[in-house]
Amino acid sequence: MSYKIAIASGKGGTGKTTVSVNLFKYLSEKYKKNVFLTDCDVEEPNCLIFFNDAVLLNESTATKLVPSIEKEKCTYCGKCAEWCEFNAISIIKKARFTEVNATLCHSCGACSVACNFDAITEHSDPIGKISRYESGFGCELMVGRLNIGSTMQTMMIEKTKENIPENHKVLLFDSPPGTSCPVVETISDADYVVLVTEPTPFGFHDLKLMIDLVTEMQLPFGIVINKAGLGNNEVYKFIDDNNFELLGEIPFSKEYASLYSTGNILKNIPLEIDLLFRQITERLIKKIEKDEGNHHTER
Amino acid sequence: MKIVITSKGNTPDSIMDSRFGRAQWFCLYNTETGKTSFHQNPNIEAMGGAGTKTAELMVELEAERIISGHFGPKAKSLLEKFNIQLIEVDIEEPIQGVIDKLDQTIPFQA
């Protein structure tokens, strides 16, 4: 069974992906091909841009079930539309008109149950693509990409995670920002959550939301402060006062930011940053090793 | 011709509502009889799909032309299926003012 680490933040732009791709690389030094990264930020996945030599291995389409209404059987009673929580079904009796809006449909199946006339059948409708790559340094990563216009982020993340190959020692999940359903889906089965924050009021505010969430979900977590040197000291005091685990700090550096902007954060890593990521990785390895044979059941 | 104007209130001096799917009220104006009636929008609080639900209501009201500030893509595609003419205007004017303008222009369009 794999040890699953989710990287989340609340606020966007704190450095989830930076931390994710670095942990991917540094953990692979110990676990070789046994580390697998999944980009769960399906609305705007960006892990792949840091792997210039990545090779596509496999691609599949994720689908959801969407109702079709058989005109011959439909009585235009409108019960299916009434039951639909997402307003995905239009029935206009006057005009003998029926239409299903696939992008609004959440695939809950309520309409099929509602219909007394057997007029509803379900068909598969694509919501996105799941692609698996060889990273260029031996390890594999997977990217879920939600179709533009689709509102099915959470289902897309679920389908992407279902496709993760078995038998990896460590699974990394790069989470979307926020604290709502897509994030809950991403971290739900994690053994450990790395919360990436920045020492700004906004970063701090969202870190507290994220801590509320992981506490509610009873997930162990540690904090990485990125862009250290910016903002103020509130987050440090908060971590101290609550005895939370600080996994490491990455300084705010223009040099590092410009490496990021060229997509080269995994090449020519500045020595200082290299040491910091090694330190964070070491702390995680201890957790991974300690956890061996002591897995909680799937949530 | 039956024309719907999206409205912020239920009187002719109410200002036009620039939203379609989540407009507060709809003023249905019958150019033949000169009569107006106001209909409250039941879809204001819809979680999603307010546009399509409101478009269905327009078909039920037998609107042939709708005047609003903006129509979303899903509402637009449904309304177009029923050949309802959509007019987007960027004005802050009372409903009566819009009706007066319609009365001035309609004879020339016949």
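What you see is a predicted model; the values in this text were computed from it and never measured. What you see as residue numbers is a count from 1 along each chain, following the sequence as written. As they are written, the chains are lettered A onward and the ligands numbered 1 onward, keeping that order. Totals for whole chains, interfaces and linings use all residues, but because this is a predicted model, local features are given only for residues with pLDDT of at least 70 and pairs of side-chain atoms are given and counted only at 80 or more. Derived side-chain values reflect all non-hydrogen atoms in the structure, with water molecules and hydrogen atoms excluded from consideration.

As for the packing of helix α1 (residues 50-60) of chain B against helix α2 (residues 73-81) of chain B
All names here are of chain B.
Step number 1: Between α1 and α2, whose axes approach to 8 Å, the crossing angle comes to 25°. By the angle between their axes, α1 is roughly parallel relative to α2. Once α1 is placed against α2, the crossing between them reads as right-handed. On α2, the residues that touch Gly-51, Thr-52, Ala-55 and Met-58 of α1 are Lys-74, Ala-75, Leu-78 and Leu-79.
Step number 2: For the contact of α1 with α2, the class distribution of residues is five nonpolar, two polar and one charged. For helices, the fitted axis covers only the stretch in contact; all axes are lines through C-alpha atoms, and the angles between them, taken along N-to-C directions, range from 0 to 180 degrees. For the purposes of this entry, the term helix denotes a DSSP run of H or I that reaches at least four residues, the term strand denotes a run of E that reaches at least two, and both are numbered from the N terminus. These descriptions rest on fixed angle ranges, namely under 35 degrees for roughly parallel, over 145 for roughly antiparallel, 65 to 115 for roughly perpendicular, and the rest for oblique. Crossing handedness: left-handed means the near helix sits turned counterclockwise from the far one by under a right angle, and right-handed means the same turn made clockwise. The contact definition used throughout considers only heavy atoms, calling two residues in contact when any of these lie within 4.5 Å. For this classification, Asp, Glu, Lys and Arg are treated as charged, while Ala, Val, Leu, Ile, Met, Phe, Trp, Tyr, Cys and Pro are nonpolar and the rest, including Gly, are polar.

Thoughts on the sheet that holds strand β11 (residues 246-251) of chain A
All names here are of chain A.
Step number 1: Spatially, β3-β6-β7-β2-β8-β1-β9-β10-β11 is the arrangement adopted by the nine strands of the open sheet, whose pairing is mixed. This sheet does not close on itself; its edge strands, each paired only once, are β3 (55-69) and β11. With strand direction ignored, the average angle separating the axes of adjacent strands in the sheet is 20°.
Step number 2: With respect to the sheet, helix α6 (residues 201-216) is in contact with β1 (3-8), β9 (192-197) and β10 (221-228), its orientation differing from that of β9 by roughly 170°. A strand pair is defined by DSSP finding two or more bridges across the two strands.

Some points on the layout of surface pockets
Summary: where empty space remains is shown by rolling a probe the size of a single water molecule over the atoms.
All names here are of chain A.
Step number 1: Cavity and pocket criteria rest on a 1 Å grid covering protein atoms alone: a 1.4 Å probe that fits but cannot get out defines a cavity, protein on both sides within 12 Å along at least 5 of 7 lines defines an open pocket, and an atom within 4 Å of a point defines a lining residue. Grid points are joined across faces, edges and corners, and a volume is the space filled by probe spheres set on the points. Taken as a whole, the largest pocket spans an internal volume of roughly 390 Å³.
Step number 2: In terms of lining, the largest pocket is formed by 21 residues, of which the most central are Gly-13, Thr-14, Gly-15, Thr-18 and Tyr-260.
Step number 3: In the lining of the largest pocket, the residues fall into six nonpolar, ten polar and five charged.

Details of the packing of α6 of chain A against helix α7 (residues 234-242) of chain A
The geometry of a pair of packed helices is captured by two quantities: the angle between their axes and the separation between those axes.
Residue and element names in this part refer to chain A.
Step number 1: Contact geometry for α6 and α7: axes closest at 10 Å, N-to-C directions at 25°. The angle between the axes of α6 and α7 places the two elements in the roughly parallel class. For α6 against α7, the interelement crossing comes out right-handed. Residues Phe-204, Leu-207, Lys-208 and Ile-211 of α6 form the contact with α7, whose own contacting residues are Glu-234, Val-235 and Phe-238.
Step number 2: Considering only residue class, the contact of α6 with α7 consists of five nonpolar, no polar and two charged.

Description of the environment of Thr-160 of chain A
Step number 1: Inspection of the secondary structure assignment puts Thr-160 of chain A in helix α4 (residues 153-162).
Step number 2: Ignoring sequence-local partners within four residues, the contact set of Thr-160 of chain A consists of Thr-38, Val-42, Ile-130, Met-142, Val-143 and Gly-144 of chain A.

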